[in-house]
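Structural description and commentary
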Amino acid sequence: MEDHTQITETLIQGDDEKLIILVQEALDSGANPGKLLNHVLIPAMDVIGERMESGEMFIPEVLMGARAMGLAVEMLKPLLGDGESSSAGKVIIGTVKGDLHDIGKNLVSMMMESAGFEVTDLGVDIAPENFIAAIKDQNATIVALSALLTTTMPMMKATVEAICESGLREQVKIIVGGAPVNQSFADEIGADGYAADAGSASKLAKSYLN
Amino acid sequence: MFKRMEGFSENDIDKIHNAVMEVLRDIGVAFHEPEALEIFKNHGFKVEGRTVYFSENQVMKALDTVPSEYTIFARNPENDVKVGGDNFALLPGWGAPFIIDNDGEQRNAVMEDYENFCKLVHTSKYLDMNGFLMVMPSDINPQESHLDMILANILLTDKAFMGSPQDRSKAVDSLEMVSILWGGKDKILNKPVLPSKVNPVSPLIYSEEMVGTLIEYATLGQPLEFPDLILSGTTAPITLAGTATVMMAEDLAGVVLAQLINPGTPCVIGGNTCATDMRTGGMALGGPEAIKIIHIIAQMGRFYGVPTKSGGSLTDAFFPDMQAGVESALSMFTSIAAGSHFMNQSCGILAGFNAMSFEKFLLDEEICGMVRKIVTPVEVTEESIGMDQIKRAGIGGAYITFPETFKKCRTELFMPEHATRGSYETWAVQGKKKVHTKAHESLIKRLDTYKKPDIDPSIEKELREFVAQRRAAISK
């Protein structure tokens, strides 16, 4: 395989314009789009994830990388062969009913997108039935629930229960997050996982793929 | 200006000034050095025994020649330090016989500790210059250790530094060594390169050692700092107004002598004055009185047109714990916010000056960085208002995705190196490290990556020869 170090570095630097040029050059010189995606771009995003976790990279830098990644994926998507997918999985995300806070939820959404997930962000104040409709509609495998207020935490429980009653519980992993939430609350309401911040949320989602 | 923290009104300042003048006129100040008494006599001052009396005219005339701003030159010109006006300098701790380690154990400081502190000063983003006697090295004869400390100051960092005030001969040695560094005594005459402290003994005394030091530094026009340490209720009245009166009288007496010797010699007045702890008779360095007097010092300095020193990261605590953090941050913030100019003790000091802590040094640095950030004027331009961003984000948009945020995410905001932020889980997974533990870890890294700055080998050789020759003479 050719040396694509420059593509890796450019993606990590979040330089989208340069990245598109480099990816096009690689394609022009005969690089395989699937290999480019899976062996160059996604591993570069993994490096970004690690550096964010260690504090070396800051959130805006990670997001710039994610944006550049998104553009590169858009270029490669039409060129991928049958059976090759650009998506790591489908995620439904939203802030539960009664809660209008979305900064954390938006960050999680962006981080998951940058990790290769196809994310449907329902927004804020989302009723359980809307989560259920979206799971069906998108055929999602991960549902991420957000709440900032202690008063809306019970709605997380209600949403998880509604998903169970809808018969979709086996299809999805449910993860929860937000300032007042912790692992024991997640366990208590029957969620599959809890993440403390955006970086670990996307890492958690990835762990369900294996 | 919002005046809640200011100690004195203008009317109060006049009253204090009149009281200071009455003290200098009627009680006087003792100078335990005949040469100083001769200088005062020759300039027409009333001298009885060792006591010198000052008229208001004599004091105000002397104050006329004190520079309100000056530059201290470093061997690396990038590290020159401006003092006075809006400029302030932060320096490390001073005078500790002990080290308190990361386990809270106290031990005697040694020369290696002194050298390590020099390395930290050299690599500090937030300290402007080095001091002297950050710790007293117990493994070297105290009659010689000033030579080693000055040599370390010169060789291990290219920032400016201070000289020994311990006695006259050590002041002379310090000045000889910087003369070698700068290429001759004529090169440093009236060029500030080696400030020194001169401590009055409160109330109203200058010892033989201190006056000898003052004479040596002033003769070459080197800056003098009068770091008065009054304990309210012990060496001055228990009230802040009375304390301020005694402090200013002592400081101004020293300033006058410096100006008589060499008019224009830079001076800095003020100190680390604080309350007496009435339960033990010791210092209450981290108490609110010590904070309040910082404003008073700055006000009096502005009144007399003399730059001031105060505060630093002062604490009575014995470990870099919450007490140390609170007291240090209040003291450091107040010193800078009040408008003081010269802050020794900005990093590392613990236990009411008795100990230095490497970990606290790094944590204090972080406070210094925060305070510098707080007092930096806010830039207001079209770009900094960012109306185009505000319009782009509209209602409910996310600025964190904007290229403007990306571009400035490392430069616009203060990023602590040791303070914990983020989530409890991350903190827990990483071992629930308290801030002093983090400081201890980065200390090791920082010392490992230190690189000694270059110096002309012939200068280093000459300095080492001087030290060897003086050491031989002293130990005879």
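Predicted, not measured: the structure shown is a model, and the values here were computed from it. (Residues numbered from 1 in each chain as written. Chains lettered and ligands numbered in written order. Predicted model: local features only at pLDDT ≥ 70, side-chain atom pairs only at ≥ 80, totals over all residues. Heavy atoms only, no water.)

1. A word on the overall build of chain A
Stated formally: Counting from the N terminus, the helices are the DSSP runs of H or I reaching at least four residues and the strands are the DSSP runs of E reaching at least two. The quantity called the radius of gyration is restricted to C-alpha atoms. Its globule counterpart is 2.2 Å times the number of residues to the power 0.38. The classification of residues rests on relative accessible area computed with a 1.4 Å probe and restricted to protein chains. Under 20% of the type maximum is buried, over 50% is exposed, and intermediate values are partly exposed. Residue burial considers only the protein chains on display, and all accessible areas are found by Shrake-Rupley using a 1.4 Å probe. For the charge count, each Lys or Arg is scored as positive and each Asp or Glu as negative, with His and the chain ends excluded. The location of each charge is read from NZ of Lys, CZ of Arg, CG of Asp or CD of Glu.
Looking only at helices and strands, chain A has nine helices and five strands in total. When the helices and strands of chain A are listed from N to C terminus, the series reads α-α-α-α-β-α-β-α-β-α-β-α-β-α. Over its C-alpha trace chain A gives a radius of gyration of 18 Å, about what one expects of a compact globule, namely 17 Å for 210 residues. Its C-alpha atoms give chain A principal-axis dimensions of about 55 × 35 × 25 Å. Burial status across chain A gives 49% buried among its 210 residues. Summed over its atoms, the accessible surface of chain A is roughly 9800 Å², and 51% of this surface lies on carbon and sulfur atoms. Taking the average location of the 14 positive side-chain charges in chain A and that of its 31 negative ones, the two points are 4 Å from each other.

2. Considering the interface of chain B and chain A
The line we're drawing: Any two residues whose heavy atoms approach within 4.5 Å are treated as being in contact. Take the accessible area each of two parts loses on contact, using a 1.4 Å probe, and add the two losses: that sum is the buried area. By salt bridge we mean one thing: a side-chain nitrogen of Lys or Arg within 4 Å of a carboxyl oxygen of Asp or Glu. Within 3.5 Å is the distance limit for a polar contact, defined as a pair of N or O atoms, with the added protein rule that one can donate a hydrogen and the other accept it, and that residues adjacent in sequence qualify only through two side-chain atoms.
Listed as interface residues are 12 residues of chain B and, on the opposing side, 16 residues of chain A. The junction of chain B with chain A conceals about 1200 Å² of combined surface from both sides, 67% of it contributed by carbon and sulfur atoms. Its largest share of buried area at the contact with chain A, chain B owes to B:Ile400, B:Phe406 and B:Arg410, together 45% of the area lost on that side. Close ionic contact of B:Arg410 with A:Glu61 constitutes a salt bridge, the shortest N to O distance being 2.5 Å. Connecting chain B to chain A are four residue pairs in polar contact (both at pLDDT 80 or more). Within the residue set of the side of chain B that touches chain A, elements represented by two or more residues are helix H15 (403-408) and helix H16 (424-429) of chain B.

3. Some details on the pattern of salt bridges
Residues and elements named next belong to chain B. On inspection of all chains with the given rule, the structure shows 32 salt bridges over all chains. Of the charged contacts, one joins Asp 113 and Arg 107 as a salt bridge, the two residues approaching to 2.8 Å between their closest N and O atoms. For Arg 107, a relative accessible area of 37% gives the class partly exposed. For Lys 197, the salt bridge identified is with Glu 225, shortest N-O distance 4.0 Å. Taken together, the positions of Lys 197 in strand E9 (residues 196-197) and Glu 225 in strand E11 (residues 224-228) put the pair 28 residues apart, joining distant regions of the chain. Glu 225 shares its class with Lys 197; the two are buried.

4. What about the packing of aromatic side chains?
All names here are of chain B. Defined as follows: Planes of paired rings set the category: under 30 degrees apart is stacked, over 60 is edge-to-face and the rest tilted, where pairs are Phe, Tyr or Trp rings (Trp by its six-membered ring) whose centres lie within 6.5 Å.
If you walk through the whole model with that rule in mind, you get 13 aromatic pairs over all chains. Arranged with centres 5.0 Å apart and planes meeting at 5°, the rings of Phe 31 and Tyr 206 form a pair that is stacked. A residue pair is termed long-range when its members are at least 10 positions apart, and Phe 31 in strand E1 (residues 29-31) and Tyr 206 in strand E10 (residues 205-206) qualify at 175 residues. When sorted by exposure, Phe 31 lands in the same class as Tyr 206, which is buried. Each residue in the set Phe 31, Phe 40, Phe 45, Phe 54, Tyr 206 and Phe 226 is aromatic and connected to the rest through ring pairs, giving one cluster.

5. Quick look at the domain arrangement of chain A
Residue and element names in this part refer to chain A. Quick reminder of the rule: Where each domain starts and ends comes from a domain assignment, either automatic or drawn from a database.
What the domain assignment lists for chain A is domain 1 (5-79) and domain 2 (89-207). Listed as interface residues are nine residues of domain 1 and, on the opposing side, seven residues of domain 2. When domain 1 packs against domain 2, the two sides together hide about 700 Å² of surface, and 72% of this comes from carbon and sulfur. It is Met 52, Glu 53 and Leu 63 in domain 1 that bury the most area against domain 2; as a group they hold 46% of the surface buried on that side. The tally of links from domain 1 across to domain 2 stands at two salt bridges.

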